[in-house]
Amino acid sequence: MPSRFRRRIRTAALVVAVWTLAAAIVAGAVPDLALPDDRAPRERTRVVGAVHMHTVASDGSGSVDDLVDAAIGNELDFIVVSDHNSQLPTRYEYRRGVLVILAEEYSSPRGHMLLLGMDSVRLGEPDSLDLWAQQTAHRFTEEAQLTFVSHPSGKRPWRDRTLSTVDGIEIWNADSEWRNDGVVDWLEALTLLPFRPELGMLALVDRPAENLALLDSVLPQRASRATCAVDAHARIPITRDVLIPFPSYGLTLALIHQHLSLAEPFTGDAEADAKRVFEALARGSGHCSIGVLGDARSVRIDVEADASARSREVRVDLPAATRDARIRVYLGGVAAHEEVTNQLRWATREAGPLRVEIDRNVRLVRRRWLPWVVTGSLGDARMDETPKPESPGEP
Ligand SMILES: [Zn+2]
Ligand SMILES: [Zn+2]
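Residues numbered from 1 in each chain as written. Chains lettered and ligands numbered in written order. Predicted model: local features only at pLDDT ≥ 70, side-chain atom pairs only at ≥ 80, totals over all residues.

A. Quick look at the overall build of the protein chain. Assigned secondary structure in the protein chain consists of nine helices and 19 strands. Computed over the C-alpha atoms, the radius of gyration of the protein chain is 22 Å, within 12% of the 21 Å expected from 2.2 N^0.38 for a compact globule of 395 residues. The principal-axis extents of the C-alpha atoms in the protein chain amount to approximately 80 × 50 × 40 Å. For the protein chain, the share of sequence-separated contacts (at least 6 apart) that also reach a separation of at least 24 residues comes to 68%. (Helix = DSSP H or I, 4+ residues; strand = E, 2+ residues; numbered from the N terminus. Rg over C-alpha atoms; globule rule 2.2 N^0.38 Å. Contact = placed C-beta atoms within 7 Å.)

B. Region of the structure containing the confidence of the model for the protein chain. A residue-level look at the protein chain finds 91% of positions with pLDDT of 70 or above and a mean pLDDT of 89. Here residues 381-395 scores under 50 on pLDDT; set against residues more than four positions off or in separate chains, the count is 18 contacts. (pLDDT = per-residue confidence, 0-100.)

C. Seen up close, the environment of Val 56. Residue position: Val 56 is located in the loop between strand E1 (46-51) and helix H2 (64-73). Taking the C-alpha atoms as reference points, Val 56 and Arg 235, 179 residues apart in sequence, are found 9.8 Å from one another. Beyond its immediate sequence surroundings of up to four residues, Val 56 is in contact with Ser 61, Gly 62 and Ser 63.

D. Quick look at the sheet that holds strand E14 (residues 311-317). Ordered by their spatial adjacency, three strands build an open sheet running E13-E14-E17, and the pairing between neighbours is antiparallel. In the strand order of this sheet, the two ends are held by strand E13 (300-306) and strand E17 (343-348), each with one partner. Taking the axes of each pair of neighbouring strands and ignoring which way they run, one obtains an average angle of 15° across the sheet. Sheet analysis places E14 next to E17, joined by six bridges and oriented antiparallel. (Pairing = 2+ DSSP bridges. Axes fitted to C-alpha atoms, helices over the stretch in contact; angles between N-to-C directions.)

E. Up close: the pairing of strand E16 (residues 334-340). Bridging between strand E15 (residues 325-331) and E16 involves six bridges; their strand directions are antiparallel. Bridged to Ile 327 within E16 is Glu 339. The antiparallel pairing of E15 with E16 creates a hairpin that spans two residues between the two strands, and Gly 332 there sits at a positive phi of about 60°.

F. Helix H9 (residues 270-283), seen in detail. Here H9 contains 14 residues, and its C-alpha end-to-end distance of 20 Å stays within 8% of the 20 Å for a straight helix at 1.5 Å per residue. Of the residues making up H9, those classed as buried are Asp 273, Ala 274, Arg 276, Val 277, Phe 278 and Leu 281. At the C-terminal side of H9, Gly 284 shows a positive phi close to 70°. (Expected span 1.5 Å × (residues − 1). Buried ≥ 20, exposed ≤ 12 C-beta atoms within 10 Å, placed from the backbone.)

What follows is the structure in structure tokens.
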């Protein structure tokens, strides 16, 4: 018996050793995915940050300073920290050059929402389960400068699919991304994680199809905005007292970035600069990107309306060195145009909300198209063609 047991241990150790060696070889062979720096001068009105993260004040494992370390490591201009139900006014500060917005993720049985720019201390819990969606969410929409549904299709889906009580949704949530993958994706991720952790995380990122479908279904009725969240915790609980600090803040903040085009550059005053971030988010001026797939700071996506021709032109400019990008334009929720290029000009005379998605064709263990950049609804031209959202019915 003992000898058979020893044989099994030896076989298991051999399998692990062979797997580890093979994984090291495969992971080492994945080329660098970063785009060659196009050395374009940085514009002061273009900023990049990460949205939605937790500290020890709720269910994260680190401090605000740990998050600032991760932000500096990823060259981010701002972070939005969002501990659960802090019931505090939003606070603003600069720490080591990073704009830190201390906001809140409000968790309720009806779903989770980011409350940005709450000026006063909020007291009291939701009135009742049935009244929550009508009353509390409406109240927050009045009190906060911006409200976004967190992980609208994730572990706690948002119940109100008309999005009538919020300004927008998270179209990407990194914390949902690694929970929804199949065996093949996980095998690829597990091969890469020990040796190239950032690529292992990348293997678990998918096009957020459900959230984009939700946004597309709502846009003809109301100007719902899009943001993207890292939802960083750096914490996997094993038992009540034991946790694994994974994926680290540094890894998660590298994954999903919020790019914004500000009306005016940052001033150095934390509160004034946070207002600029909120204003750009409210205007829908920016895009989300998967940071591991390349710096999307110099990606330009605009819609120009030509009133005399009654048409709109979508313009996308990628760094000149981009050779493997596929640009898709969505009109009214349908893929209307697709091109493999680093510069796109496409005009339409049809009405309807416009969005852009950009994929890159890269090889991890497998070669495939991975989502790189996603926008919400582009431009204001659409606003003139759709009815104004009705004001929420006050209880
Ligand atoms: Zn949440
Ligand atoms: Zn969260």
